[in-house]
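# Summary of structural features
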Amino acid sequence: MSEIVRVLKTFVAYLKRPDLYPELGRKIIKNTVNRGNAFKGKEKTNSWAASKAISQQEAVTKLFGADISPFRTQFLEILKQSEQKEKDCPIKMGGPGALELIYYSCEFANAKNVVETGVAYGWSSLAALLSLQKREGKLYSSDMPYLAQDGDQYVGYVVPENLKQYWKLFRFADKESLPKIFGDSETFDVVHYDSDKSYNGRVWAYNELYRHLRKGGVFISDDIGDNSAYQDFCEANSIDTVVVEYEGKYIGVFVK
Ligand SMILES: C[S@@+](CC[C@H](N)C(=O)[O-])C[C@H]1O[C@@H](n2cnc3c(N)ncnc32)[C@H](O)[C@@H]1O
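Summarised in this report is the structure supplied together with it.

Our next topic: the pattern of salt bridges. Under the counting rule described, the total for this entry stands at 18 salt bridges. As a salt-bridge pair, R17 and D19 come within 3.2 Å of each other at their nearest N and O atoms. Classification of D19 by relative accessible area gives partly exposed; the value is 31%. Across the pair K27 and E23 runs a salt bridge whose closest N-O atoms are separated by 3.5 Å. One end of the pair is K27 and the other is E23, both in helix α2 (residues 21–31) and 4 residues apart, which spans about a single turn. Residue classification places E23 among the buried residues on the basis of a relative accessible area of 8%.

The structure is reproduced here in structure tokens:
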């Protein structure tokens, strides 16, 4: 699909969804007057992250005192089935991230309530749900519909049916989803951010998520090297964060 066709298709799809008009307005501003916002402070943060980065295993040991290797053997069959579902999915989205980091965060926090932004195929959702099911907990997720690709029905595609009873998926932009989620539940044991990658989008959501994270809960943000929003947020709140290097990107994680 050419870029212009994709943009037009997305625009028309937005017009059919009045519930997404606020996000359409924000997107227009983001892609015109605020274009530089996506990469604000990127260079500074990349050298900061590189100087602190450790592996996923090191981070899980350091923060949670756990070994990550049981995850892949314990959930081998489920992960295989989800990989097959991803292959069969007619639309293409982002693949799995550091699943063990999410799973062991939930285990460490004895999580009953988790909130995440950004679902795509649902890999991060799956990791959280595998832990939450043990405590009959709840995962609250926020994701925009995949308008350009008619992919609405495929968000969360790799999550098995039997785990969906522990899951509430909010199909709006974060600015609309998060207030609805916080209306359902005030405090969370784990928060995972992996959606709007702009500087301003992150700063807004980080502050909201942090406010609703309980003391001793775990905060995770993906792709923190895109701009300096995560570093600036940690510095402003005197947070000593761990930085994980995973498949060429940086993930931030700390215990509140
Ligand atoms: C990298 S993917 C998420 C991957 C997922 N966490 C995983 O581990 O499998 C990013 C997702 O964020 C969603 N997204 C982007 N901007 C958003 C916004 N403003 N509000 C809600 N979701 C958004 C996209 O639709 C996309 O599905």
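How two helices sit against one another is set out by the angle between their axes and by the gap between those axes. Viewed as axis vectors pointing N to C, helix α4 (residues 56–64) and helix α7 (residues 99–108) meet at an angle of 10°, and their least axial separation amounts to 10 Å. One element, α4, and the other, α7, form an angle in the roughly parallel class. Contacts between α4 and α7 involve Q56, V60, L63 and F64 from the former and L99, E100, L101, Y104, S105 and F108 from the latter. When the residues that make up the contact of α4 with α7 are grouped by side-chain class, the tally is 7 nonpolar, 2 polar and 1 charged.

Neighbouring the ligand are 16 residues; S124, D143, Y146, D174 and D194 lie closest to it. Taking A120, its main chain carries an N or O atom lying 3.4 Å from an oxygen atom of the ligand. A distance of 3.3 Å is found between an oxygen atom of the ligand and a backbone nitrogen or oxygen belonging to W123. The residue makeup of the shell around the ligand, split by class, is 7 nonpolar, 4 polar and 5 charged.

Glancing now at helix α1 (residues 3–15). Helical geometry: 3.6 residues make up each α-helical turn, so side chains three or four residues apart lie on a common side. Between the first and last C-alpha of α1 there are 18 Å, a value that for 13 residues agrees with the 18 Å anticipated at 1.5 Å per step. Residues of α1 that are buried include every one of T10, A13 and Y14, and no others. Down the axis of α1, the sector holding all buried residues measures 100°, keeping them to one side. Along α1, exposed side chains directed more than 90 degrees from the buried face belong to I4 and L8.

Take the packing of helix α10 (residues 199–211) against helix α11 (residues 229–236) next. Their axes nearest at 9 Å, the elements α10 and α11 cross at an angle of 40°. Accordingly, the angle class assigned to the pair α10 and α11 is oblique. Between α10 and α11 lies a crossing whose hand is right-handed. Along its contact with α10, which presents Y199, R202, V203, Y206, N207 and Y210, the element α11 presents A229, Y230, D232 and F233. Classifying every residue of the contact of α10 with α11 gives 7 nonpolar, 1 polar and 2 charged.

In this section: the pairing of strand β7 (residues 249–255). A large share of β7 lies buried, amounting to 5 of its 7 residues. As paired elements, strand β5 (residues 213–221) and β7 share 4 bridges and run antiparallel to each other. Each bridged residue has a counterpart across the sheet, and for I220 the counterpart in β7 is V253.

One non-glycine residue, N110, lies in the positive phi region at around 50°. Note on placement: N110 falls in the loop between α7 and β1 (113–117). Its identity is not glycine, yet E136 carries a phi of approximately 50°, on the positive side. As for its position among the elements, E136 is in the loop between α8 (123–132) and β2 (138–142).

Here we take up the packing of aromatic side chains. Using the criterion set out here, one finds 19 aromatic pairs in the structure. For the pair Y206 and Y230, a centre-to-centre distance of 5.7 Å together with 80° between the ring planes defines the contact as edge-to-face. Placement of Y206 in helix α10 and of Y230 in helix α11 is noted, with a sequence separation of 24 residues between them. Each member of the aromatic cluster is reached from another via a ring pair, and the members are Y193, Y206, Y210, F219, Y230, F233 and F254. The side chain of K40 reaches across the aromatic face of Y199, ending 4.0 Å from its centre.

Thresholds, definitions, all that
- Residues numbered from 1 in each chain as written.
- Predicted model: local features only at pLDDT ≥ 70, side-chain atom pairs only at ≥ 80, totals over all residues.
- Heavy atoms only, no water.
- Salt bridge = Lys/Arg side-chain N within 4 Å of Asp/Glu carboxyl O.
- Buried < 20%, exposed > 50% of the residue type's maximum accessible area, 1.4 Å probe, protein only.
- Helix = DSSP H or I, 4+ residues; strand = E, 2+ residues; numbered from the N terminus.
- Axes fitted to C-alpha atoms, helices over the stretch in contact; angles between N-to-C directions.
- Parallel < 35°, antiparallel > 145°, perpendicular 65-115°, else oblique.
- Contact = heavy atoms within 4.5 Å.
- Nonpolar A, V, L, I, M, F, W, Y, C, P; charged D, E, K, R; others polar.
- Near = heavy atom within 4 Å.
- Polar contact = N/O pair within 3.5 Å; in protein donor to acceptor, adjacent residues only side chain to side chain.
- Expected span 1.5 Å × (residues − 1).
- Arc of directions from axis to C-beta.
- Left-handed = near helix turned anticlockwise from the far one by under 90°.
- Pairing = 2+ DSSP bridges.
- Phe/Tyr/Trp six-rings, centres within 6.5 Å; stacked < 30°, edge-to-face > 60°.
- Lys NZ or Arg CZ within 6 Å of the ring centre and 35° of its normal.

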